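Observations on the model geometry
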Amino acid sequence: MKLETTREALLKPLQLASGVVERRQTLPVLANLLVVAENGALTLSGTDLEVEIQARITEGVEIKDEGRVTLPARKLVDIWRSLPEGAGVSISVDGTKAIVRSGRSRFTLATLPAADFPSVEGGESTVELELEQPQLKRLIDQVSFSMAQQDVRYFLNGMLLEIDGDGMRSVATDGHRLAQATLAGVSKGATACNAIVPRKGVGELSRLMSDSDSKVILAVGKGHLRATQGEYTLTTKLVDGQYPPYKKVIPQGADQTLIGDRETLRQAFYRAAILSNEKYRGVRLTFDKDLLTIQANNPEQEEAEESVAVDYSGDAIEIGFNVSYLQDIMSVINTDSVKISLTDANSSALLEGDGEDDVLYVVMPMRL
């Protein structure tokens with residue numbers, strides 16, 4: 001195999017394809033990228049057996065001799081990053097070695113046989129949708145922070161995608177908080193299906209999306225999800241499990257409603273969190289007429305208190321929450337004002353952007 005290209009032509013494809021490659025591998029070939037030069041195109045593939053990203057490059061690459069080989073992912077990306085802008089690069093394979101040349105620089109890399117490189121099986125798709133990239137990125141980024149991390153309930157370590165004839169919903173929960181985002185009108189006539197996307201697949205899918213106008217094709221099968229965006233294709237296995245009935249924990253009819261400035265509340269929570277208990281992160285919120293008081297303390301007998309002017313005319317309520325959860329939500333809500341609804345001091349709180357009805361967050365209270 002022999003080809004000539006430029007630093008810029010392959011930098012982004014190399015970074016995206018190598019993003020799924022784990023530093024610690026059970027199989028040596030999983031530390032490599034599969035490089036295929038055939039039919040006038042260069043294809044780069046990286047996988048960890050759960051998630052696979054494939055990039056197909058047709059512009060900026062001149063293939064002299066066709067072939068396929070696997071090259072060390074991290075080393076190849078580091079070499080590419082270190083080259084000067086606009087540099088021309090050539091790759092040639094001779095036996096078990098690959099030589100990368102650019103200007104007066106020369107790198108010799110060890111290779112492994114392309115035949116040893118595994119692929120993530122895709123299978124047939126049940127549902128296929130065409131979306132705007134920003135739409136899918138918003139569905140992911142508005143909820144992904146609520147996924148569990150290394151929970152024994154393995155299905156919580158991912159994000160639920162629900163598709164039906166009305167639209168798509170993304171849901172994430174760790175058992176203490178829940179986030180839900182809805183995208184209406186993109187799946188008319190689609191077969192209803194649910195898919196639990198694993199944490200790593202969610203992260204790589206978000207990285208793949210951009211703010212450009214180009215479309216992304218989302219295909220969901222029985223055990224896989226595939227997203228195709230231009231020259232990039234991401235395939236991820238799905239979590240085999242039953243997601244909990246999350247709709248039951250979304251408060252209905254919460255009649256005590258507070259509306260406040262999102263940025264003011266975000267900063268107040270940040271300051272109060274400084275003196276909260278580092279382990280439990282609890283803060284006490286006191287809802288009173290047009291005033292929200294935030295109090296925090298820690299085992300060193302240190303205390304913080306913040307008072308924020310809000311729009312509230314309900315009953316006086318004192319309730320505790322994990323301040324980290326509140327901070328996360330304030331960071332992703334896009335509206336200037338935020339609405340907090342609850343029933344009493346023992347109920348979960350429903351948080352929404354004021355005037356934004358397609359995203360909601362639920363936070364369970366904690367005893368202080």
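Here, every reference points to the structure presented above.
Here we summarise the structure given alongside this text. Here the structure is a predicted model, which means the values were calculated and not measured. In this numbering scheme, every chain counts its residues from 1 along its sequence in written order. Owing to the predicted nature of the model, reporting of local features is limited to residues with pLDDT of at least 70; listing and counting of side-chain atom pairs is limited to 80 or more, with chain, interface and lining totals taken over all residues. Think of the side-chain values as coming from all heavy atoms in the structure, minus any hydrogens and water.

Observations regarding the overall build of the chain
The secondary structure listing takes helices from DSSP runs of H or I that are at least 4 residues long and strands from runs of E that are at least 2 residues long, numbered from the N terminus. Broken down by element type, the chain carries six helices and 25 strands. When the backbone C-alpha atoms are referred to their principal axes, the chain occupies close to 75 × 50 × 35 Å. Note on classification: 1.4 Å probe, protein chains only; a residue is buried when its accessible area is under 20% of the maximum for its type, exposed when over 50%, partly exposed between these limits. For the chain, the proportion of its 368 residues judged to be buried stands at 52%. Any two residues whose heavy atoms approach within 4.5 Å are treated as being in contact. Of the contacts made within the chain by residues no fewer than 6 positions apart, 67% connect residues no fewer than 24 positions apart.

Let's talk about the packing of helix α5 (residues 262-273) against helix α6 (residues 323-332)
To get an axis, fit a line to the C-alpha atoms, keeping to the stretch in contact for a helix; angles then go from 0 to 180 degrees between the N-to-C directions. With their axes 9 Å apart at the nearest point, α5 and α6 run at an angle of 150 degrees to one another. Taken together, the axes of α5 and α6 are roughly antiparallel relative to one another. Classified by chirality, the crossing of α6 by α5 is left-handed. For the pair α5 and α6, contact is made by Arg262, Leu265, Arg266, Phe269, Tyr270 and Ala273 and by Val323, Leu326, Gln327, Met330 and Ser331, respectively. Considering only residue class, the contact of α5 with α6 consists of seven nonpolar, two polar and two charged. Should an angle fall under 35 degrees it is taken as roughly parallel, and over 145 as roughly antiparallel, whereas 65 to 115 is taken as roughly perpendicular and any remaining angle as oblique. It is the rotation of the near helix from the far one that decides the hand of a crossing: anticlockwise by less than a right angle makes it left-handed, clockwise makes it right-handed. Under the convention adopted here, Pro, Cys and the residues Ala, Val, Leu, Ile, Met, Phe, Trp and Tyr are nonpolar, Asp, Glu, Lys and Arg are charged, and Gly plus all remaining residues are polar.

Here we look at the pattern of salt bridges
A pairing counts as a salt bridge when a side-chain nitrogen of Lys or Arg comes within 4 Å of a carboxyl oxygen of Asp or Glu. Taken as a whole, this structure holds 21 salt bridges when the rule is applied. Measuring nitrogen to oxygen at the nearest pair gives 4.0 Å for the salt bridge that ties glutamate 352 to lysine 339. Of this pair, glutamate 352 sits in strand β24 (residues 349-353) while lysine 339 sits in strand β23 (residues 337-342); the two residues are 13 residues apart in sequence, bridging distant segments of the chain. On the accessibility criterion, glutamate 352 (14% relative accessible area) is buried. Among the residues examined, lysine 339 registers a relative accessible area of 26% and is labelled partly exposed. In this structure, a network of salt bridges that share partners links the residues Glu22, Asp48 and Lys200.

Concerning the sheet that holds strand β7 (residues 88-94)
In short, DSSP must find at least two bridges between two strands for them to pair. Pairing in this open sheet of five strands is antiparallel, and the strands run β5-β1-β7-β8-β9 from one edge to the other. Each edge of the open sheet carries a strand with a single partner, namely β5 (61-65) and β9 (105-110). Between one strand axis and the next, the sheet turns by 15 degrees as a mean value, whatever way the strands run. As paired strands, β7 and strand β8 (residues 97-102) are joined by five bridges and run antiparallel to one another. Residue pairing across strands places isoleucine 91 opposite valine 100, the latter belonging to β8. Relative to strand β1 (residues 2-6), helix α1 (residues 7-18) is tilted by about 95 degrees, and along the sheet it contacts β1, β5 and β7. Contacts between helix α2 (residues 73-82) and the sheet are confined to β1, β7, β8 and β9, with β9 contributing the most and set at about 170 degrees to the helix.

Re the nonpolar core
Nonpolar side chains in soluble globular proteins tend to be buried together. Buried Ala, Val, Leu, Ile, Met, Phe, Trp, Tyr and Cys residues that are joined via side-chain atoms within 4.5 Å together make up what is termed a nonpolar core. Leu285 and Phe287 are the most contacted members of the largest nonpolar core, which has 99 residues in total. In this view, phenylalanine 287 contacts Leu258, Leu292, Tyr312, Asp315, Ala316, Ile317, Ile319, Ile340 and Leu342; residues no more than four positions away in its chain are not counted.

Digging into the packing of helix α3 (residues 133-141) against helix α4 (residues 199-208)
It is at 9 Å that the axes of α3 and α4 come closest, and there the two elements cross at 145 degrees. Helix-helix and strand crossings are classified by hand; for α3 and α4 the assignment is left-handed. Each of Gln133, Leu136, Lys137, Ile140 and Asp141 in α3 lies in contact with α4, whose residues at this interface are Val202, Leu205, Ser206 and Leu208. Looking at the contact of α3 with α4 residue by residue, the classes come out as five nonpolar, two polar and two charged.

Remarks on the sheet that holds strand β22 (residues 317-322)
Pairing is antiparallel across the open sheet formed by four strands, whose spatial order is β21-β20-β19-β22. Across the chains shown, the open sheet's two edge strands, defined by having one partner strand only, are β21 (303-309) and β22. Adjacent strand axes in the sheet meet at a mean angle of 20 degrees, parallel and antiparallel pairs treated alike. On the sheet, α5 packs against β19 (282-288), β20 (291-297) and β21 and is oriented at approximately 170 degrees with respect to β21. Sitting on the sheet, α6 touches β19 and β22, and the angle it makes with β22 is about 85 degrees.

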